[in-house]
Amino acid sequence: MTNTVSIHPLLQVKNLTVKFKSSGVPKTILEDVSFELQKNTTLGIVGESGSGKTITALSILSLIPTPPLDSIKGQILFENKDLLKCNLSEWQGIRGKRIAYIFQEPMTALNPVLTIGDQITEMVRAHNSIGRKKATQLAATLLEEVGIPSPSERLKNYPHELSGGMRQRAMIAMALSCNPEILIADEPTTALDVTIQAQVLELFKNLMQSRGMSILFVTHDLSVMAEIADYILVLKNGRVVEYAAIQEIFDAPQHPYTQELLSLT
Ligand SMILES: Nc1ncnc2c1ncn2[C@@H]1O[C@H](COP(=O)(O)OP(=O)(O)OP(=O)(O)O)[C@@H](O)[C@H]1O
Ligand SMILES: [Mg+2]
């Protein structure tokens with residue numbers, strides 16, 4: 001396993017071990033998972049279904065409910081503060097603010113009975129003390145930034161009136177409303193067809209550069225990683241099997257499992 005050279009990691013996950021309890025029996029879901037996210041880079045988490053990608057991402061923001069959570073151990077350092085030890089008021093300044101999260105299912109994350117404009121404006125106002133009119137303007141600017149044409153018009157649409165690609169862009173706009181330093185995106189392009197997927201990946205890349213953000217990008221698809229990631233963490237059965245710079249993974253995958261994932265691309 002190759003480790004990245006850390007200069008100033010923004011986020012450091014150390015020996016993360018997560019156990020669930022089902023029918024009274026503890027089950028290890030993640031074991032000894034360690035990685036770093038550098039400023040202005042994208043780390044991809046890859047692995048087959050059930051390998052623990054979503055649980056790793058959710059753990060960072062302590063978003064796993066009890067039950068099924070039984071215990072969570074290790075350290076998740078964000079600017080040297082251990083997120084696993086944050087209290088509720090400390091979380092208010094971090095979750096959805098300095099670290100934003102895009103969930104695996106965009107349709108479940110968007111409210112079907114509210115317009116895109118109402119939802120983004122609400123997020124904008126939750127993070128900035130500005131009036132409704134200014135918030136609506138900011139929401140339109142955000143839609144423009146994520147490449148949605150005629151943003152003022154689109155604000156009036158309900159989620160089902162947008163295409164899958166546009167909905168995903170709207171989700172990204174919402175996540176950006178708090179100006180996050182870290183964006184965690186769980187399979188944000190999986191449901192999209194290949195052409196739209198490429199456009200949304202391009203958007204992520206551009207946003208990382210223009211905003212100087214760090215991105216934690218979860219996907220089961222290594223060919224998507226090739227487009228976007230600087231570093232890759234390969235998970236299998238809740239354990240890290242490989243962790244290296246993208247070029248190393250593609251040039252010389254060390255683990256047979258990574259080789260197998262590569263053969264699928
Ligand atoms: N709510 C839950 N209750 C019980 N077990 C769960 C729950 N959520 C996930 N798991 C288990 O935790 C393990 C890791 O799941 P996780 O959702 O992180 O996988 P994943 O890599 O994101 O998969 P996918 O590619 O399908 O999204 C799996 O064995 C899964 O069955
Ligand atoms: Mg998942």
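Residues numbered from 1 in each chain as written. Chains lettered and ligands numbered in written order. Predicted model: local features only at pLDDT ≥ 70, side-chain atom pairs only at ≥ 80, totals over all residues. Heavy atoms only, no water.

Engineer: Got a minute to help me understand the nonpolar core in this structure?
Structural biologist: Burial of nonpolar side chains together is a common tendency in soluble globular proteins. With 37 residues, the main nonpolar core has Ile102, Ile120, Ile172, Leu183 and Phe204 as its most contacted residues. When residues of this core are traced back to their parent elements, those giving at least two are β6 (99-102), α4 (116-127), α5 (132-145), α7 (164-176), β7 (182-186), α8 (194-211), β8 (214-219) and α9 (222-228). Domain assignment of the residues forming this core places at least three in each of domain 1 (1-98 + 183-193 + 214-265) and domain 2 (107-179). Once residues within four sequence positions are removed from consideration, Ile102 is found in contact with Gln168, Met171, Ile172, Ala175, Leu183, Ile184, Ala185, Asp186 and Phe204. Ranked by size, the runner-up nonpolar core spans 36 residues in total, among them Leu10, Val33, Leu58 and Tyr243. (Core = buried A, V, L, I, M, F, W, Y, C linked by side-chain atoms within 4.5 Å. Buried < 20%, exposed > 50% of the residue type's maximum accessible area, 1.4 Å probe, protein only. Helix = DSSP H or I, 4+ residues; strand = E, 2+ residues; numbered from the N terminus. Domains from an automatic or database assignment. Contact = heavy atoms within 4.5 Å.)

Engineer: Help me understand the coordination of the magnesium ion (ligand 2) in this model?
Structural biologist: Six octahedral donors around a metal ideally make angles of 90 or 180 degrees; four tetrahedral donors ideally make 109.5 degrees. Protein ligation of the magnesium ion (ligand 2) involves Thr54 (OG1) and Gln104 (OE1), the donor distances falling in the range 2.0 to 2.5 Å. Of this pair, Thr54 sits in helix α1 (residues 53-60) while Gln104 sits in the loop between β6 and α3 (106-109), placing them 50 residues apart in sequence. On the basis of relative accessibility, which here comes to 25%, the residue Thr54 falls in the partly exposed class. Under the relative-accessibility criterion, Gln104 is labelled partly exposed at 35%. (Donors = N, O, S within 2.8 Å, 3.2 Å for Na, K, Ca; no water.)

Treat this as a map of the structure, not an account of what it does.
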